[in-house]
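# Understanding the architecture of this molecule
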Amino acid sequence: MNLLPNRLCPRFLWPRILWLVSGVSLLAGCAVGPDFHRPRIAPVPGYGAPGYVAHDSEPLGKRQIAIGRDIPGAWWRLFRSPVLTRLVIVALADNPSIAAAQATLRQARELSLEQRGVLFPSVSGAVARTREQLPLSYEGFASPPLLFSEYGAQLNLSYSFDIWGGLRRAVEQASARAEFEGFELEATDLALTAEVATNTIQAASLADQIRVQRELIGFEQRQLYTVRQQFQLGGATGTDVATQEAQVAAARTVLVPLLTALAQSRDALAADLGRAPSEVVIPPLSLDDLRLPATLPLSLPAALLDQRPDIRAAEAVLHQQTALLGVDIAARLPQVTLTASVGSDAADIHQLFSPGNGMWSLINQAVQPVFDAGQLLHAQRAQRAAMDNAAALWRNTVVRAFQNVADVLVALRNDEAALAASRDEAHAARRSLSLASLQYKLGGVSYLTVLIAQQSTQNAILSLLRARAARYTDTVALYQALGGGWWHRADLPSPPPGLLSSPLP
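Let me begin by describing the structure that accompanies this report. Keep in mind the model is a prediction, meaning the values are calculated, not measured.

### Let's talk about the packing of aromatic side chains
Inspection of the entire model under this criterion finds seven aromatic pairs. An aromatic cluster of three or more residues is present, and its members are W75, W76 and Y479.

### Notes on helix α6 (residues 238–272)
Its 35 residues place the ends of α6 52 Å apart at the C-alpha level, agreeing with the 51 Å of an ideal helix rising 1.5 Å per residue. Phi for G274, located one or two positions after α6, is positive at around 80°.

### What to know about the packing of helix α4 (residues 96–116) against helix α5 (residues 166–232)
Running from N to C, α4 and α5 point in directions that differ by 170°, and their axes come no closer than 8 Å. Considering their axes alone, α4 and α5 lie roughly antiparallel with respect to each other. Here S97, I98, A101, Q102, T104, L105, A108, R109, L111, S112, Q115 and R116 of α4 lie close against α5, whose contacting residues are A170, V171, A174, S175, R177, A178, E181, G182, L185, T188, D189 and L192. Of the residues assigned to the contact of α4 with α5, the class counts are eleven nonpolar, eight polar and five charged.

### What about the pattern of salt bridges?
In total, this model carries 13 salt bridges according to the counting rule given. The closest approach of N and O atoms between R168 and D162, which form a salt bridge, is 2.9 Å. Given a relative accessible area of 10%, D162 falls into the buried group. We note a salt bridge from R228 to E245, for which the minimum N-O separation is 2.9 Å. Of this pair, R228 sits in helix α5 while E245 sits in helix α6, and the two are 17 residues apart along the sequence. Among the residues examined, R228 registers a relative accessible area of 39% and is labelled partly exposed. A network of salt bridges, in which partner residues are shared, links D35, R169 and E172.

### Overview of unusual backbone geometry
The backbone phi angle of F353 is positive, close to 65°, even though this residue is not glycine. If you trace the backbone, F353 turns up in the loop between β6 (335–346) and β7 (358–367). Take F353: its relative accessible area is 46%, and that puts it in the partly exposed class. For A373, which is not glycine, the phi torsion reads 60° and is therefore positive.

About the cut-offs
- Residues numbered from 1 in each chain as written.
- Predicted model: local features only at pLDDT ≥ 70, side-chain atom pairs only at ≥ 80, totals over all residues.
- Heavy atoms only, no water.
- Phe/Tyr/Trp six-rings, centres within 6.5 Å; stacked < 30°, edge-to-face > 60°.
- Helix = DSSP H or I, 4+ residues; strand = E, 2+ residues; numbered from the N terminus.
- Expected span 1.5 Å × (residues − 1).
- Axes fitted to C-alpha atoms, helices over the stretch in contact; angles between N-to-C directions.
- Parallel < 35°, antiparallel > 145°, perpendicular 65-115°, else oblique.
- Contact = heavy atoms within 4.5 Å.
- Nonpolar A, V, L, I, M, F, W, Y, C, P; charged D, E, K, R; others polar.
- Salt bridge = Lys/Arg side-chain N within 4 Å of Asp/Glu carboxyl O.
- Buried < 20%, exposed > 50% of the residue type's maximum accessible area, 1.4 Å probe, protein only.

Have a look at this one:
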């Protein structure tokens, strides 16, 4: 029925309320404070030093650099290693840091939705029953007290008019916070995938070094057998035998830290998978199981601002601080609120909402800070300093990102030269050792020559394996430095069953 509003709130008040709401709504069309825009930076011609510009299809040994080529979301698949791919999938699914970042993002999104509620009126209802007793004694005459009940029902409405946009700036800040947590999650994903790939490559390299070192120990032991035979025949001295025994012991000594490093790399991989070392079996690995991508992408410097999660996260922080400055500016201006209530009071619950029992109130309030000893002013100035700080940190993040890409490109170019030199060194060292061993058996050279050749061969082979591993790890670093292609990444498949309880094929 339509009688209740007319009894509780006179008809002449409704036009005034509508005029008040309409007028304040027109004033609320703007928001104080600066609008956020990404800071501008001078165009960056390239990643290298002045005078060097990377060219499309720039050679890196047998590989090429493709300027402007996009990065796939699952870049680790380019190494064509089923073991690496499955390790990354399990890590993304089970690593606690990912779960923590996801929970933080969900929290930020819910808080952002909560903050949006301040833009709407708040309505609440209340129903109450009061039982009360009042004395009725007059001039010394005792009389029974008055005992009665009272029933009430009330509907309350409150609304803050966002005339200066302070509430909208607060909503903007909460949305930027959720955006920041989203990019933090992407940065965590990227760091984890790169760490898994690097640890896998490191474990494969160490396994290969251990295999080569054991082969060298076997060679040294066979050489020791030859020297002992030479000694028995009078062709070698006791010093030669002792020297070769020391060489075998030294080779075994080199093996021990390699075994330690391999165990630690496998433990690190287990931690990346979110498991204790005793809960997961890491399969045997070798560098021969990996393939280098034939073509490496290289994003344009301008694209790096959109691709790097750390840059986007720093940008979201600047967005938050810019919005908070608007909140502080609005706090120094008049705050207009509307509070209204409508309801009914009666001595009997059946008489609620009966004619004559209605009540209402309407309060329009504007509050303007007059004196606060400069608190609001200094809060605004402090927030502007926080915004300037966030802008400087964003620029620093951008500069560090360019440096990161430049460093990786230099490392990739030098990796090719180091690998070529290591291959030549290893080939020459093996040939030298073969010739020295043969000449020693024929009595053409001293045993010192053989010993020097052995040491050179050992160092050259290990250096070759490290040079091969460096190409892989620096390739991983390039994908990480360019942002990792998170903008293309679809939901990854669930890890295959049994991956954590048995070795991978």
